Amino acid sequence: MGGKTPYVVLLALVLAVVAASSLGFASPAYTSQNFEVHDNAGAGVEYARRVADALESARSRVLQEGASLAPPCSGSRYTVYVEAQGGEGGQVRWQYTSDSSGRILGSCVVSISIAPGLSASTLARVALHEMMHVAQASYFRYSSVVASYPWYVEASAEGITGALMGSCGWEPRYFQMSLYSANPYSFSGVAEECYALGAFYHWVVASGYSSVPGALSGSLSGSAVSSDWVNSAYTSFLLSLAKGVSMCGRSFQPSYQRVSLSTSGWSTQVNLQGLSAAYYQIALPAPGLVLITVSGSPRSNLQLNKPFYTSNTSLLLAIVNPTTSQAVYDLSVNYSPPLLAEVRGGLFRPSSGTLEVRLYVTYAGSPVSGEVRINGTSVAASSGLATITL
C-alpha cells in the first residue's frame, strides 16, 4: 500500500501508459476537484465517484492535521486508477529528483491506485492510508532512506490512519506477534510486521506525543535510515506499554513474566534485541522498599539502581533497550520492609520486672543511626544498634 523507488515508479508508469494506449486513452470515469479517476477494472462510474469522494475527504483530513502533500507529477489533479492490487487495497507511485549527494530536490505523485469492490468503510480507510503516503513524499529528504523503504514508511501510514479514524486495522497484530520483543529495523518494505508496527504511530498521534506533521517529518526527513526521532519515540512507546495502552476503544498490553519476590530477592539475565523490551509483573510480600539493580544503560518505567518505597504489592516493570544493537543486562530485584528490627540479645531484670532488648535496626538494608520509634517509644540507634526497655 506504499510508494515505490524511482526505478519502480518509472516501470509502473510505463505499464500504466501501455494500458492506457490499449484502451485508446479513455477519459476519466469521474473527475472531482483534486482527482481524476480512471476505471481500469470495470467497476463503474458510481464506484469511481465513491473513490474520488473518499480521496477528497482523506486529502482534507491530512491538510486539516497540518501535514503537507506532495503535488501531482502532471497537471493540477492526482491521477487515480481503479485496478486490481493483488491483495492490496491501494498503492501510491512516487517520483523524485535528487542531486549527486542523494539529497532529494523535489517529489511528486505519479498515480494513486485503488482496488475495486471495497466496502464504504474499507474504502475510507484505504483512501486515508494512501493519502498518508502522498503526504510522506513531501517529507522525503534523502534518496537512500526512500530506497531502503524502512519499516516506518508503512507503519506511519497505517498507524496514523488508525489514530485519525479512531479504529484499528493492523495494530492488534503488534501485540499478537509480540513485536515489542523484536528490533523493528529487522523489517522493511511491505512485510506484514511493518503494518503491525503501526501500533506505535497510532500511539504517537492518539496519545499526543506528536502531531501528524511532526511524526512524518521526524521519521522521514533524516539522512539515515536509523532515525534518532523514531528511536527516541519508539523507546517511549515501549516504556508506556508496561501499564498497557488504549487504542480504538480497546486495551492492549504485552506479555509479562511473573515473579513472586521474597526477602531473598530475584535475579535474571535479560537479552534484548535493539529497540525491544521485556516486561515483568512482580508480586511483593507486603509494602516496602524495592531495589532494582541493572547493569548497562537500559531504560525503565521504574527507578533503577536506587531503593524506592512502594505501597503496592504488585509492580509492572519494563526493561527497554534504547539502542539499535543487541544488549544483555544483568537484572536483580530485592525487597525489604522499610524499617527492620532484628533482636540481637536481651536482659530480664527481676527486681524491676523489665526486659532490655538489644536490636539491630536497618532501613533499606543499611544500619540506622539516629532516633527511631519502636512500639511508640523513641530510641537512639548508633550504627544500627539500639536498646529498648519493655
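The coordinates are above.
First, a word on what this report is: a plain description of the structure on this page. (Residues numbered from 1 in each chain as written. Predicted model: local features only at pLDDT ≥ 70, side-chain atom pairs only at ≥ 80, totals over all residues. Heavy atoms only, no water.)

## Describing the overall build of the protein
As a reminder of what qualifies: In this text, helices come from DSSP runs of H or I with a minimum length of four residues, and strands from runs of E with a minimum of two, each type numbered from the N-terminal end. With a 1.4 Å probe rolled over the protein chains alone, any residue whose accessible area is under 20% of its type maximum counts as buried; one over 50% counts as exposed, and the rest are partly exposed. Only heavy atoms matter for contacts: two residues are in contact if any of them lie within 4.5 Å across the pair. Computed with the Shrake-Rupley method and a 1.4 Å probe, the accessible areas treat only the protein chains shown as cover for residues. Neither His nor the chain ends is counted toward charge; the positive residues are Lys and Arg and the negative residues Asp and Glu. The atoms used to mark charge sites are NZ of Lys, CZ of Arg, CG of Asp and CD of Glu.
From N to C terminus, the protein includes 10 helices and 21 strands. Once the C-alpha set of the protein is aligned to its principal axes, its extents read approximately 120 × 45 × 30 Å. A burial count over the protein gives 47% of its 390 residues as buried. Counting contacts in the protein only where the partners sit at least 6 residues apart, residues at least 24 apart contribute 68% of the total. Roughly 17,200 Å² of accessible area belongs to the protein as shown, and the carbon and sulfur atoms make up 51% of that amount. Looking at the protein, you have 20 positive and 20 negative side-chain charges, and the mean spots of the two groups are 10 Å apart.

## Overview of the pairing of strand 5 (residues 104–114)
Rules: Whether two strands pair comes down to DSSP finding at least two bridges between them.
Counting buried positions along strand 5 yields 9 of 11 residues, so the element is predominantly enclosed. The pairing of strand 3 (residues 78–82) with strand 5 spans 3 bridges and is parallel. Bridged to valine 80 within strand 5 is isoleucine 112. As defined by bridge partners, strand 4 (residues 90–98) adjoins strand 5 across 9 bridges and the pair is classed as antiparallel.

## Some thoughts on the sheet that holds strand 1 (residues 30–31)
Our working definition: What counts as an axis is a line fitted to C-alpha atoms, over the stretch in contact for a helix, and the angles between N-to-C directions run from 0 to 180 degrees.
Reading across the sheet, the 5 strands line up as 1-2-3-5-4 and stay open at both edges, with mixed pairing between neighbours. Edge strands, defined here as strands with exactly one partner in the open sheet, are strand 1 and strand 4. Strands in contact with helix 2 (residues 45–64) are strand 1, strand 2 (35–39), strand 3 and strand 5; relative to strand 2, the strand with the most contacts, it is inclined by about 150°.

## Notes on the packing of helix 2 against helix 3 (residues 120–137)
We apply this condition: Should an angle lie under 35 degrees it is considered roughly parallel, over 145 roughly antiparallel, and from 65 to 115 roughly perpendicular; all remaining angles are considered oblique. Should the near helix be turned anticlockwise from the far one by less than a right angle, the crossing is termed left-handed; should it be turned clockwise, right-handed. We call Asp, Glu, Lys and Arg charged. Ala, Val, Leu, Ile, Met, Phe, Trp, Tyr, Cys and Pro are nonpolar, and the rest, Gly among them, are polar.
At a closest axis distance of 8 Å, the pairing of helix 2 and helix 3 adopts a crossing angle of 50°. Put simply, helix 2 runs oblique to helix 3. The crossing of helix 2 and helix 3 is right-handed. On helix 3, the residues that touch Tyr47, Arg50, Val51, Ala54, Leu55, Ala58, Arg59 and Val62 of helix 2 are Ala120, Leu123, Ala127, Leu128, Met131, Met132 and Ala135. Its residues placed into classes, the contact of helix 2 with helix 3 shows 13 nonpolar, no polar and 2 charged.

## Details of helix 10 (residues 228–240)
Operational definition: Each residue after the first adds 1.5 Å to the expected span of a helix.
In this model, helix 10 (13 residues) spans 19 Å end to end at C-alpha, consistent with the 18 Å of a helix rising 1.5 Å per residue. Of all the positions in helix 10, only Val230, Asn231, Ala233, Tyr234, Thr235, Phe237, Leu238 and Leu239 are classed as buried.

## Comments concerning the sheet that holds strand 11 (residues 288–294)
In sheet architecture, strand pairing relies on hydrogen bonds along the backbone and comes in two forms, parallel and antiparallel. One open sheet accounts for 4 strands, arranged 9-15-11-13; its pairing is antiparallel. Each of the sheet's edge strands pairs with one partner strand only, and the pair in question is strand 9 (266–272) and strand 13 (308–310). Adjacent strand axes in the sheet meet at a mean angle of 30°, parallel and antiparallel pairs treated alike. Bridge count between strand 11 and strand 15 (residues 327–336): 6 bridges; the pairing is antiparallel. Across the sheet, residue valine 290 finds its bridge partner in strand 15, namely tyrosine 335.

## Some words on unusual backbone geometry
One non-glycine residue, tyrosine 149, adopts positive backbone phi at about 45°. Residue placement: tyrosine 149 occurs in the loop between helix 4 (143–148) and helix 5 (151–165). The class for tyrosine 149 is buried, based on a relative accessible area of 11%. The phi angle at leucine 275 is positive, at roughly 50°, despite the residue not being glycine.

## Structural notes on the environment of leucine 340
Inspection of the secondary structure puts leucine 340 in strand 16 (residues 339–349). The exposure class assigned to leucine 340 is partly exposed, which follows from its relative accessible area of 41%. Apart from the residues lying within four places of it in its own chain, the contact partners of leucine 340 are Tyr360, Val361 and Thr362.

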